[in-house]
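Below are the chains, spelled out letter by letter.
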Amino acid sequence: MNSILVTRSSMPDYEEYCEEIKDLWDSHWLTNMGVKHQQLQKELEELLDVPHVILYTNGHLALENVIAALDLPKDGEVITTPFTFASTTHAIVRNGLKPVFCDIDPISFTMDPAKIESLITDKTCAIVPVHVYGNICDVDGIRQIADRHNLKVIYDAAHAFGVKYKGISAACFGDASMFSFHATKVFNTIEGGAVCFHDDSFVRTLNALKNFGINGPDEVEYAGGNAKMSEFQAAMGICNLRHLDDAIECRKKAVERYRSHLEGVAGIQLNPIQKGVTSNYAYFPAVFDETVFGATRNEVMDALAQNGIGARKYFYPLTSTFACFNNAYDASETPIALNISRRVLTLPLYEELSTDDVDRICKVILDCKK
Ligand SMILES: *Cc1c(COP(=O)(O)O)cnc(C)c1O
């Protein structure tokens, strides 16, 4: 039996990529906002229906830089979720800010707005929610709270590329949104990412921050780092963008096949189908209730591994419990996130995953049922 990995990057045909990078051998212009960079930026502004897209060499530095661009007070507190990838929390901490962890909604796995206000203090300056698995946060609820308390909102939209809510692009919520174009994401530029926003005054700052703070031939306005997207990354993005609709359609077929096997199985909770949301089918999480299903998440993961099938404890552990934070945070204060993180498994999902593969995966899972 072939092994099935949890993910596999979408790639254009070899010839298509070679054709796309050919001009680079004429121009010898490999990075620093060249023609490929400019083209991809323009295409993304159109696709994501947002006035400004600033491209980055990865999503993490995009998030770090957009938080830096807000120029928040040095000991400021940022309300965020512990049920996310390391990047979200680290971007806050690496800006010298203090993460304050808010619990999640047990159905959508996104930040629960009803739990935000009790966490607000006079040091709170921003909210960084995550559209986990491409599920859209309660953007209206979060906006109302942010407006009431004069807080900035930056969305980690790493999972939500191409997602729409009530016809509005996921790039358009909050003060800004970060996307990741990492190899494992729905749309990739090998490594890559972007910040999307409406406010024109952000453009100058973000362009400078990703390029050593340089703002003109003789002007260095910030002590910025280097987070520029190269021409080869942008070329990969230009190619992958041509096939995005097909890639999402393939993912959709796989997701529907998973649902046909697992929907309604007692003791397995699936990702919600959110009202008003056009999905990108980024992930397929399943949450196991041992008392009903008869097997734990870890037992299911082991059974899959024995059959050559990869799955990922995504997200476990909670970021608030990482060793690097030396027990500074109490995971019992986010009990729903803690509970879900101990029971969740994301199953293989990628463009080329066949329905036969999905059948094989689901059989192994259902054989675990007692
Ligand atoms: C992938 C990811 C990131 C970071 O993006 P990179 O492009 O890998 O740096 C941030 N947040 C979440 C939730 C992610 O899944």
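Not measured: the values here are computed from a predicted model.

A.B. asks: How should I be thinking about the nonpolar core in this particular structure?
C.D. replies: Nonpolar side chains tend toward joint burial in soluble globular proteins. L44 and F83 are the most contacted members of the largest nonpolar core, which totals 60 residues. Where this core is concerned, the elements lending two or more residues are helix 2 (35–47), strand 1 (52–56), helix 5 (139–149), strand 5 (152–156), strand 9 (193–197), helix 7 (231–242), helix 8 (244–262) and helix 11 (335–343). Residue contributions to this core peak at four residues, all from helix 5. Residues within four places of L44 in sequence aside, it is in contact with D49, V53, L55, F161, F181, F187 and L241. Listed in part, the 29 residues of the second largest apolar core include F288, A303, V358 and I365.

A.B. asks: I would appreciate a short explanation of the environment of F173 in the present structure.
C.D. replies: Summarising the element assignment, F173 is placed in the loop between strand 7 (168–169) and strand 8 (176–180). The sequence separation of F173 and C196 amounts to 23 residues, and the corresponding C-alpha distance is 9.3 Å. When neighbours within four sequence positions are excluded, F173 is seen to be in contact with V139, Y155, Y165 and I168.

A.B. asks: I tried to follow the pattern of salt bridges on my own but got confused; where do I start?
C.D. replies: Oppositely charged side chains can form a pair if their charged atoms are brought close together. Enumeration according to the criterion identifies 17 salt bridges in this entry. As a salt-bridge pair, D140 and K166 come within 4.0 Å of each other at their nearest N and O atoms. Of this pair, D140 sits in helix 5 while K166 is found in the loop between strand 6 (164–165) and strand 7, placing the two residues 26 residues apart along the sequence. Given a relative accessible area of 59%, K166 falls into the exposed group. As a salt-bridge pair, R257 and D359 come within 2.8 Å of each other at their nearest N and O atoms. Taken together, the residues span a long stretch of sequence, with R257 in helix 8 and D359 in helix 12 (residues 355–367) at a distance of 102 residues. Taking relative accessible area as the criterion, D359 reaches 22% and is therefore assigned partly exposed. If you follow the salt bridges from partner to partner, you end up with E16, E20, D23, K36 and R242 in one network.

A.B. asks: I would appreciate a short explanation of the sheet that holds strand 5 in the present structure.
C.D. replies: Note: strands within a sheet are paired through backbone hydrogen bonds, in either parallel or antiparallel orientation. Ordered in space as 1-9-8-5-4-2-3, the seven strands form an open sheet in which the pairing is mixed. Among the strands making up the open sheet, the edge pair consists of strand 1 and strand 3 (98–101). Ignoring which end each strand starts from, the neighbouring axes of this sheet average 25° apart. As judged from the two bridges shared by strand 4 (residues 124–128) and strand 5, these two strands associate in the parallel manner. Counterpart to A126 in the pairing with strand 5 is K152. Here helix 5 sits on the sheet and contacts strand 4 and strand 5; the angle it forms with strand 5, its principal contact strand, is near 150°.

A.B. asks: Is there a simple way to explain the site of the ligand in this structure?
C.D. replies: Near the ligand you find 16 residues, and of these G59, D156, H159, S180 and K185 are the closest. One of the side-chain N or O atoms of Y314 is found 3.2 Å from an oxygen atom in the ligand. Against a free-state accessible area of 370 Å², the protein chains account for coverage of 94% of the ligand. Of all the elements in the fold, those that place two or more residues in the shell around the ligand are helix 3 (59–69), helix 4 (86–93) and strand 8. Looking at side-chain class alone, the shell around the ligand contains four nonpolar, ten polar and two charged residues.

A.B. asks: Quick question: what am I supposed to make of unusual backbone geometry here?
C.D. replies: With glycine set apart, most residues show a phi of negative sign, and most peptide bonds adopt trans. Cis geometry is adopted by the peptide bond preceding F315, which originates at Y314 and carries an omega value of 20°. Inspection of the secondary structure assignment puts F315 in the loop between helix 10 (297–306) and helix 11. Between Y316 and the following residue, P317, the backbone shows a cis peptide bond with an omega angle of -10°. Mapped onto the elements of the fold, P317 is located in the loop between helix 10 and helix 11. A positive phi angle, close to 60°, is found at N150, a residue other than glycine. Take N150: it is sitting in the loop between helix 5 and strand 5.

A.B. asks: Hey, could you run me through the sheet that holds strand 14 (residues 284–288) in this one?
C.D. replies: A sheet is described by the order of its strands in space; here three strands give the open sequence 12-14-15, paired in antiparallel fashion. Across the chains shown, the open sheet's two edge strands, defined by having one partner strand only, are strand 12 (268–270) and strand 15 (344–347). Averaged over all pairs of adjacent strands, the angle between their axes in this sheet comes to 30°, without regard to strand direction. Summarising the sheet, strand 14 and strand 15 pair through four bridges and their orientation is antiparallel. Across the sheet, the residue bridging to V287 is V344, located in strand 15. Where helix 8 meets the sheet, it contacts strand 12, strand 14 and strand 15, and its direction lies at approximately 20° from that of strand 14.

A.B. asks: Can you walk me through the packing of helix 3 against helix 4 in this structure?
C.D. replies: Geometrically, a packed helix pair is captured by the angle between its two axes and the distance between the axes. Two elements in contact, helix 3 and helix 4, have axes whose closest approach is 9 Å; the angle formed by their N-to-C orientations is 35°. Taken as a pair, helix 3 and helix 4 cross one another with a handedness that is right-handed. Residues H60, L63, E64 and I67 of helix 3 form the contact with helix 4, whose own contacting residues are S87, T88, H90, A91 and I92. Among the residues making up the contact of helix 3 with helix 4, the classes are represented as four nonpolar, four polar and one charged.

Analysis parameters
- Residues numbered from 1 in each chain as written.
- Predicted model: local features only at pLDDT ≥ 70, side-chain atom pairs only at ≥ 80, totals over all residues.
- Heavy atoms only, no water.
- Core = buried A, V, L, I, M, F, W, Y, C linked by side-chain atoms within 4.5 Å.
- Buried < 20%, exposed > 50% of the residue type's maximum accessible area, 1.4 Å probe, protein only.
- Helix = DSSP H or I, 4+ residues; strand = E, 2+ residues; numbered from the N terminus.
- Contact = heavy atoms within 4.5 Å.
- Salt bridge = Lys/Arg side-chain N within 4 Å of Asp/Glu carboxyl O.
- Pairing = 2+ DSSP bridges.
- Axes fitted to C-alpha atoms, helices over the stretch in contact; angles between N-to-C directions.
- Near = heavy atom within 4 Å.
- Polar contact = N/O pair within 3.5 Å; in protein donor to acceptor, adjacent residues only side chain to side chain.
- Areas by Shrake-Rupley, 256 points an atom, 1.4 Å probe, with all protein chains shown as cover.
- Nonpolar A, V, L, I, M, F, W, Y, C, P; charged D, E, K, R; others polar.
- Left-handed = near helix turned anticlockwise from the far one by under 90°.

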